[in-house]
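Structural features, examined
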Amino acid sequence: MAVDDTRPELLQTGPMMAMIEEQLARHFRVHRLDGPDGEAVLAEAGPRIRAVATGVGATAGTRHRVTGALMDRLPQLEIVANFGVGYDSVDAEAAGRRGVVVTNTPGVLDDEVADLAVALTLSTVRRLPQAERHLREGRWPAGSFPLSPTLRNRSIGIVGMGRIGRAIARRLDGFGRPIAYHTRRPVPDLPYPHFPELIALAREVGVLIVIVPGGAETHHMIDAAVLEALGPEGVLINVARGSVVDEPALIRALQDGTIAAAGLDVFEHEPHVPAELIALDNVVLLPHVASATHVTRNAMGQLVVDNLLAWRDGRPPLTPVPETPWPPHSR
Ligand code: A2R
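Below: a short report on this structure. Note that the structure is predicted; figures quoted are calculated from it, not measured.

**Description of the sheet that holds strand β2 (residues 29–32)**
A sheet is described by the order of its strands in space; here 5 strands give the open sequence β2-β1-β3-β4-β5, paired in parallel fashion. Edge positions in the sheet fall to β2 and β5 (101–103), since each of these pairs with one other strand and no more. Going across the sheet, the axis of each strand differs from the next one's by a mean of 20°, ignoring polarity. Of the pairings in the sheet, the one linking strand β3 (residues 51–54) to strand β4 (residues 79–82) comprises 4 bridges and is parallel in character. Bridge pairing in β4 places Ala 53 opposite Ala 81. Packed onto the sheet, helix α12 (residues 294–312) meets β1 (9–12), β3, β4 and β5 and runs at close to 165° relative to β4.

**Looking at the side chain of His 27**
Note on placement: His 27 falls in helix α1 (residues 18–27). Among the polar contacts listed, one links the side chain of His 27 to the side chain of Arg 312, at a separation of 3.3 Å. In contact with His 27, not counting residues within four places along its chain, are Arg 7, Pro 8, Leu 309 and Arg 312.

**Examining the site of the ligand**
Residues in close proximity to the ligand total 20 residues, the closest being Met 161, Arg 163, Ile 164, Arg 184 and Arg 185. Gly 162 has a polar backbone atom sitting 3.1 Å from an oxygen atom of the ligand. The separation between an oxygen atom of the ligand and a polar side-chain atom of Arg 163 is 2.9 Å. Against a free-state accessible area of 790 Å², the protein chains account for coverage of 85% of the ligand. Taken together, the residues that form the shell around the ligand break down as 9 nonpolar, 6 polar and 5 charged.

**Describing the pairing of β2**
Residues in a regular strand point their side chains to alternate faces of the sheet. With 4 bridges joining them, β1 and β2 adopt parallel strand pairing. The residue of β2 that forms the bridge with Leu 11 is His 31. Since β1 and β2 lie parallel, the crossover through α1 that links them has a hand, and here it is right-handed.

**Things to note about the environment of Leu 286**
Positionally, Leu 286 belongs in the loop between β11 (283–285) and α12. Given a relative accessible area of 23%, Leu 286 falls into the partly exposed group. On a C-alpha basis, the gap between Leu 286 and Ala 25 in space is 33 Å, while along the polypeptide they are 261 residues apart. Setting aside anything within four residues of it in sequence, one finds Leu 286 in contact with Leu 116, Leu 120, Leu 264, Asp 265 and Phe 267.

**Regarding the pattern of salt bridges**
Between side chains of opposite charge, a pair can form when the charged atoms approach closely. The final tally for this structure, using the stated rule, is 19 salt bridges. The partner of Asp 5 in a salt bridge is Arg 29, with the nearest N and O atoms 3.1 Å apart. Of this pair, Asp 5 sits in the segment before β1 while Arg 29 sits in strand β2, and the two are 24 residues apart along the sequence. The exposure class of Arg 29 is partly exposed, given its relative accessible area of 21%. The partner of Arg 48 in a salt bridge is Glu 9, and the shortest N-O contact between them spans 2.8 Å. Of the two residues, Arg 48 is situated in the loop between α2 (38–45) and β3 and Glu 9 in strand β1; the sequence distance between them amounts to 39 residues. Connected through salt bridges with shared partners, the residues Asp 5, Arg 7 and Arg 29 form a single ionic network.

**Looking at the side chain of Glu 270**
Summarising the element assignment, Glu 270 is placed in the loop between β10 (261–264) and α11 (275–279). Within the structure, the side chain of Glu 270 is placed 2.8 Å from the backbone nitrogen of Phe 267, a separation counted as a polar contact. Engagement of the side chain of Glu 270 in a polar contact is seen with the side chain of His 288, the distance being 2.8 Å.

**Some remarks on the nonpolar core**
Counting 48 residues, the largest nonpolar core has Leu 24, Ile 158, Ile 168, Leu 172, Val 207, Ile 209 and Leu 308 as the members making the most contacts within it. In terms of residue count, the dominant contributor to this core is helix α5 (residues 110–125) (7 residues). Setting aside anything within four residues of it in sequence, one finds Ile 209 in contact with Thr 121, Ile 156, Gly 157, Ile 158, Val 159, Ile 168, Leu 172, Ile 237 and Val 239.

Calculation notes
Residues numbered from 1 in each chain as written. Predicted model: local features only at pLDDT ≥ 70, side-chain atom pairs only at ≥ 80, totals over all residues. Heavy atoms only, no water. Pairing = 2+ DSSP bridges. Helix = DSSP H or I, 4+ residues; strand = E, 2+ residues; numbered from the N terminus. Axes fitted to C-alpha atoms, helices over the stretch in contact; angles between N-to-C directions. Contact = heavy atoms within 4.5 Å. Polar contact = N/O pair within 3.5 Å; in protein donor to acceptor, adjacent residues only side chain to side chain. Near = heavy atom within 4 Å. Areas by Shrake-Rupley, 256 points an atom, 1.4 Å probe, with all protein chains shown as cover. Nonpolar A, V, L, I, M, F, W, Y, C, P; charged D, E, K, R; others polar. Right-handed = clockwise from strand over helix to strand, strands pointing away. Buried < 20%, exposed > 50% of the residue type's maximum accessible area, 1.4 Å probe, protein only. Salt bridge = Lys/Arg side-chain N within 4 Å of Asp/Glu carboxyl O. Core = buried A, V, L, I, M, F, W, Y, C linked by side-chain atoms within 4.5 Å.

Structure (structure tokens):
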């Protein structure tokens, strides 16, 4: 390290967008955990690392998760900047105990993810990809595409009513269908009925849209019993995290008609999608693209960098997660 290089040392856990990597390289001395010998990087630079940039989210292998064990190797660590609003690949509780602040990228992707959630809902209920395949495969001259289910006779349940859940509800308001939701605590001043029990909401609605954070609290909250309650006309939409849905139970429910259909942007073991799901005709499958537009991913990337620069300049991080509020003495 050059003697006059005072840039803070930063650990990058995996590949990030070019616009992030360029700025990190300008403002920090970057060490890569995903290089040929991450262990050697940790052993050599770990004691000097003060910041981590991470963003592989749900697709992370265990190696790239920011665990308490990794933080133990980084005794000078002060900040973990996560790309994505979901930060289930960072142990935020462990960070909080060590006085490390974790930041994520909330807000800048709400509308994009909500747009996608609505598109996926309509695609799944109206079977739009299947209809397109009918046309592309030249089957139209031989017969019209079969009539589809509809949103017209359904109420919609939203599981999670945070920033993104509310953006979804605002859009669906325009569809003229009843909306209800499940969270642990009711949201004040919201016009929709709150269901404290998820299973009761599932029983009530024809579409269940899942938009809660991943992690231990929500692991497999959509299980066989919830799917059973959703029923044979029911449609499940998951734009949250794959871990929230018991995927084998969902596959069985789709195969045996326990529910009608599912639209999934996320999976338990991304980027691996079970062959049983791909074989089904009553699913719409997307490769985790809800926030994946140039505009929104750039906004998310800039927020990662801006959080790190704020910390470097001694200003408060812009978007600390609730487990690590700022300033630290408010914890
Ligand atoms: O339960 P509450 O009252 O904290 O409401 C939050 C809800 N939520 C849950 N609902 C039921 N059971 C749980 N165990 C549970 N844990 C959290 O999820 C709140 O209504 C919502 C989360 O809202 P935000 O923190 O504003 O998150 P945002 O920005 O809407 O994103 C949600 C997730 C991300 O974490 C990514 O994994 C995914 O969407 O893309």
